Amino acid sequence: MEPTHISDLPTSVLFDFASGAFEPFLQYTQRKVSDLHEMFADQQAVAEILKNGDRLVYDIRYHPFRTSNSDMSLGVTRIQPGTIGGEYHMTKGHYHEREDQPEIYFCVHGTGYLLMETRDGQFQAAPWKPGAITHIPGMWAHRVVNTGSDELFFVASYHLAAGHIYAPVVERGFAQIVVEQNGQPVFLPNPRRV
Ligand code: M6P
Ligand code: ZN
């Protein structure tokens with residue numbers, strides 16, 4: 001696993017539509033409930049899960065394609081189905097360090113929402129199903145929520161220079177949370193902000 005591999009040759013990886021994995025990848029990250037514990041509104045539900053052991057919420061395979069004068073990162077994220085205190089499994093979500101660095105997200109499998117928010121309070125939730133491709137401008141924080149009963153896979157592409165900023169999302173979350181009510185996703189104002 002060498003994330004700094006540099007090659008000026010064209011490079012292909014092979015994506016498996018059934019598993020959502022691709023090979024080869026240079027970096028693999030798992031995010032479990034313990035890694036995301038601040039993100040969910042119901043802290044008691046988080047504590048209950050952690051008391052009985054941790055569980056995987058999502059994993060990410062990365063291939064940062066680097067040449068001698070460029071970079072383009074590929075990430076594939078697989079979010080497990082499930083809820084925590086009624087709130088659907090979701091990615092941590094982040095802003096980019098550089099607001100001139102956008103990202104493309106491509107939903108390959110599953111259903112859910114891509115939540116996006118700016119620092120000045122604009123909020124959007126793009127309904128997601130396989131085939132949805134969203135361009136996320138560099139100033140919009142982004143988080144994917146899996147509201148289905150199956151895994152949700154999405155492909156991301158961005159420049160490494162974009163950088164990740166997590167602190168505002170850890171501190172305040174997004175404007176709305178997505179919870180299961182009678183088997184359906186419902187948007188509620190983020191209780192941490194009211
Ligand atoms: C996508 C990209 C990555 C990101 C990953 C998981 O693959 O946006 O940059 O790391 O999703 O999202 P997060 O970092 O918010 O947990
Ligand atoms: Zn991003």
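A. Quick look at the nonpolar core. Residues L114, V144 and V145 are the most contacted members of the largest nonpolar core, which totals 32 residues. Those elements that provide at least two residues to this core are β4 (56–66), β5 (71–79), β8 (103–109), β9 (112–117), β12 (141–146), β13 (152–158) and β14 (176–181). A total of 4 residues in this core trace back to one element, the largest contributor, which is β9. When residues no more than four places from it in sequence are discounted, the contact partners of V144 are T77, I79, M90, T91, G112, L114, L152 and F154.

B. Broad picture of the sheet that holds β12. With antiparallel pairing, 3 strands are arranged side by side in an open sheet as β10-β9-β12. Two strands bound the open sheet, and with one partner strand each, they are β10 (123–128) and β12. In this sheet, neighbouring strand axes are inclined to one another by 20° on average, regardless of whether the strands run parallel or antiparallel. By the bridge criterion, 6 bridges tie β9 to β10 in an arrangement that is antiparallel. In the strand pairing of β10, L115 is matched with A125.

C. Looking closely at the site of ligand 1. In the neighbourhood of ligand 1, the contacting residues comprise R31, I60, G75, T77, T91, K92, G93, H94, E103, A156 and H164. By residue class, the composition of the shell around ligand 1 is 2 nonpolar, 6 polar and 3 charged.

D. Just the environment of F187, in detail. Position of F187 relative to the elements: it lies in strand β15 (residues 184–189). Judged by the 15 C-beta atoms lying within 10 Å of it, F187 is partly exposed. Each C-alpha atom, one on F187 and one on A125, is 9.5 Å from the other, the two residues being 62 residues apart in sequence.

E. How the structure looks around the sheet that holds strand β3 (residues 27–32). The 6 strands lie next to each other as β3-β4-β5-β13-β8-β11, forming an open sheet whose pairing is antiparallel. In the strand order of this sheet, the two ends are held by β3 and β11 (133–136), each with one partner. Adjacent strand axes in the sheet meet at a mean angle of 20° when their direction is disregarded.

F. Looking closely at the pairing of β9. Burial runs high along β9: 6 of the 6 residues are buried. Of the two faces of β9, the one lined by G112, L114 and M116 and the one lined by Y113, L115 and E117 are each fully buried. Following β9, the chain reverses through 5 residues before pairing antiparallel with β10; G121 in that reversal takes a positive phi of roughly 100°. The pairing of β9 with β12 spans 6 bridges and is classified as antiparallel. By the bridge assignment for β12, L115 is matched with R143.

G. Region of interest: unusual backbone geometry. Between E23 and the following residue, P24, the backbone shows a cis peptide bond with an omega angle of -10°. By the secondary structure assignment, P24 is in the loop between β2 (22–23) and β3. Positive phi, close to 50°, is recorded for N182, a residue that is not glycine.

H. Seen up close, the pairing of β14. Here β14 runs beside β15; their pairing, made up of 6 bridges, is antiparallel. Pairing of V178 across the sheet is with F187, part of β15. Hairpin connection, β14 to β15: the antiparallel pair is bridged by 2 residues, and N182 has positive phi, about 50°.

The rules we used
Residues numbered from 1 in each chain as written. Chains lettered and ligands numbered in written order. Predicted model: local features only at pLDDT ≥ 70, side-chain atom pairs only at ≥ 80, totals over all residues. Core = buried A, V, L, I, M, F, W, Y, C linked by C-beta atoms within 7 Å. Buried ≥ 20, exposed ≤ 12 C-beta atoms within 10 Å, placed from the backbone. Helix = DSSP H or I, 4+ residues; strand = E, 2+ residues; numbered from the N terminus. Contact = placed C-beta atoms within 7 Å. Pairing = 2+ DSSP bridges. Axes fitted to C-alpha atoms, helices over the stretch in contact; angles between N-to-C directions. Near = placed C-beta within 6 Å. Nonpolar A, V, L, I, M, F, W, Y, C, P; charged D, E, K, R; others polar.

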